[in-house]
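# Examining the three-dimensional arrangement
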Amino acid sequence: MSCCHYYEFTETGDDIFSVDAAAIKYGPGSLREVGDDAGMLGITRAAVFTDPVVGALEPVRSVLESLRAAGIDFEVYNQVRVEPTDESFKQAIQFAREGRFDGYISVGGGSVMDTCKAANLYATWPADFMAYVNAPIGEALPIPGPIKPHIACPTTSGTGSECTGIAVFDFLEIRAKTGIAARELRPSRAVIDPTCTYSLPANVVAASGFDVLSHALESYTALPYTQRVRPERAHLRPMSQGANPYSDMGSREALRLAGRYLERAVADAGDHEARDGMMFAATLAGIAFGNAGVHLPHGMSYSVAGMVRNFRPAGYPDDAPICPHGMSVIVNAPAAFRFTASACPERHLEGARLLGANIHNATEDDAGEVLVQKLLALMKATGMPNGVSGVGYEETDIPDLAAGAYLQQRLLKNSPRPVNEQSLANIYHGALTYW
Ligand SMILES: [Fe+2]
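On a predicted model such as this, the values are computed, not experimentally measured, just so you know. (Residues numbered from 1 in each chain as written. Predicted model: local features only at pLDDT ≥ 70, side-chain atom pairs only at ≥ 80, totals over all residues.)

## A short note on the overall build of the protein
Within the protein one finds 15 helices and eight strands. Scaling as 2.2 N^0.38, a compact globule of 435 residues should have a C-alpha radius of gyration of about 22 Å, and the protein matches this with 20 Å. Dimensions along the principal axes, computed over C-alpha positions, put the protein at roughly 60 × 50 × 40 Å. By the burial criterion, 57% of the 435 residues in the protein qualify as buried. When contacts within the protein are restricted to residue pairs at least 6 apart in sequence, those whose partners lie at least 24 apart make up 80%. (Helix = DSSP H or I, 4+ residues; strand = E, 2+ residues; numbered from the N terminus. Rg over C-alpha atoms; globule rule 2.2 N^0.38 Å. Buried ≥ 20, exposed ≤ 12 C-beta atoms within 10 Å, placed from the backbone. Contact = placed C-beta atoms within 7 Å.)

## Comments concerning the packing of helix α5 (residues 202–221) against helix α6 (residues 245–267)
Contact geometry for α5 and α6: axes closest at 9 Å, N-to-C directions at 155 degrees. Overall, the two elements α5 and α6 adopt an arrangement that is roughly antiparallel. Of the two elements, α5 crosses α6, and the hand of that crossing is left-handed. In contact with Ala202, Val205, Ala206, Gly209, Val212, Leu213, Ala216, Leu217, Ser219 and Tyr220 of α5, α6 contributes Ser247, Asp248, Ser251, Arg252, Ala254, Leu255, Ala258, Leu262, Ala265 and Val266. Taken together, the residues of the contact of α5 with α6 sort by class into 14 nonpolar, four polar and two charged. (Axes fitted to C-alpha atoms, helices over the stretch in contact; angles between N-to-C directions. Parallel < 35°, antiparallel > 145°, perpendicular 65-115°, else oblique. Left-handed = near helix turned anticlockwise from the far one by under 90°. Nonpolar A, V, L, I, M, F, W, Y, C, P; charged D, E, K, R; others polar.)

## So, the sheet that holds strand β2 (residues 45–49)
Pairing is parallel across the open sheet formed by six strands, whose spatial order is β1-β8-β5-β4-β2-β3. The open sheet is flanked by β1 (23–26) and β3 (73–77), the only strands paired with a single partner. Going across the sheet, the axis of each strand differs from the next one's by a mean of 20 degrees, ignoring polarity. Sheet strands touched by helix α4 (residues 110–124): β2, β4 (103–108) and β5 (150–154). Its angle to β4, the strand with the most contacts, is close to 165 degrees. (Pairing = 2+ DSSP bridges.)

## Side note on the pairing of β5
A regular strand carries its side chains on alternate faces of the sheet. Counting buried positions along β5 gives five out of five residues, so the element sits mostly inside the fold. Neither face of β5 is open: one carries His150, Ala152 and Pro154, the other Ile151 and Cys153, and all of them are buried. Bridge count between β4 and β5: five bridges; the pairing is parallel. When the sheet's bridge partners are listed, Ile105 is paired in β5 with Ile151. A crossover connection joins β4 to the parallel β5 through α4; in handedness this β-α-β unit is right-handed. (Right-handed = clockwise from strand over helix to strand, strands pointing away.)

Encoded structure:
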């Protein structure tokens, strides 16, 4: 791979990349096979995780019927919080500990799948809650061994959590998002039924679609794995390895699909071709970022979501202010890519092209602006907020936003261009208002 310009070997950099991916099943009606899948994984008593809304809908009914048909005992936990917190994780862990389950099934969005991963982890390997949480907030201790089988069934086309070893939550004490990241958390199998997305509100499809798009763009423009310091032992190689030739395949196809289908999927719930396409894009981008890792737009999203005051977008539960994950990412993304473009302009330009931009006559100096204009056109066309001011922040919030983002070292290290707290503040400044 040293022949590829972006992956030129360096003296101290890594020269190996590894690929971890969940086994994947994709197609309409695939949830009806979950019972058989669980049986093949040796599950006899399953914990089924969902949230109060999805719990009453067809996808959960399908999964429970298939478990009954396969003769698998189960209990349902339908109290997952959308945008989970350390408190809601702990309640789910308590349920998992008491239930003596030998397998886990999650049916819902990223919040449900992430909560299920954490419940499985702490029920299998009990520890103080901060033990496995990412440093520097937690101790980031290694997980002692495999956790129980987990079948992840996404019902939104966004997080790609079904393919990753990452579980994200709001840490209430410091009002910031953090998470647990370890290969052991990756679900054993992902069952992806695109019909789950046909009834989603437009705003949910838009926010989760931009999460997909940004997973792909961030993975594609991440620091190359050959520029990350070579680990002393194989097990020390991080899960987020940096961009690599394998993650590039998923990123590129996810970008092409998002360019083709995102606007259509938002505009028309009846456009099943578009909604199916975004569901597949979410999975491909999940495989990509699960191995490459994301960088600035996600690193900056955590304080945007964690410090939200009054924002209540359409299509989401309105019991509390919320900035949905995909929105908290995309409001930073144009300013972040404007900053990173000089580090790998050819990749920013190619990303814009895959999304459908006309790059005829564009030079590498134009790369950041061409990509930014394409992102802004897509954001406007799908009703996204106009930058971080669109979700309720002002100039005076920037120091706190930057301080929160600076804690996300795991993600910031993956940026193709180094950042410090001041450059994060400058990027937030550029992200306040776009149009
Ligand atoms: Fe994301």
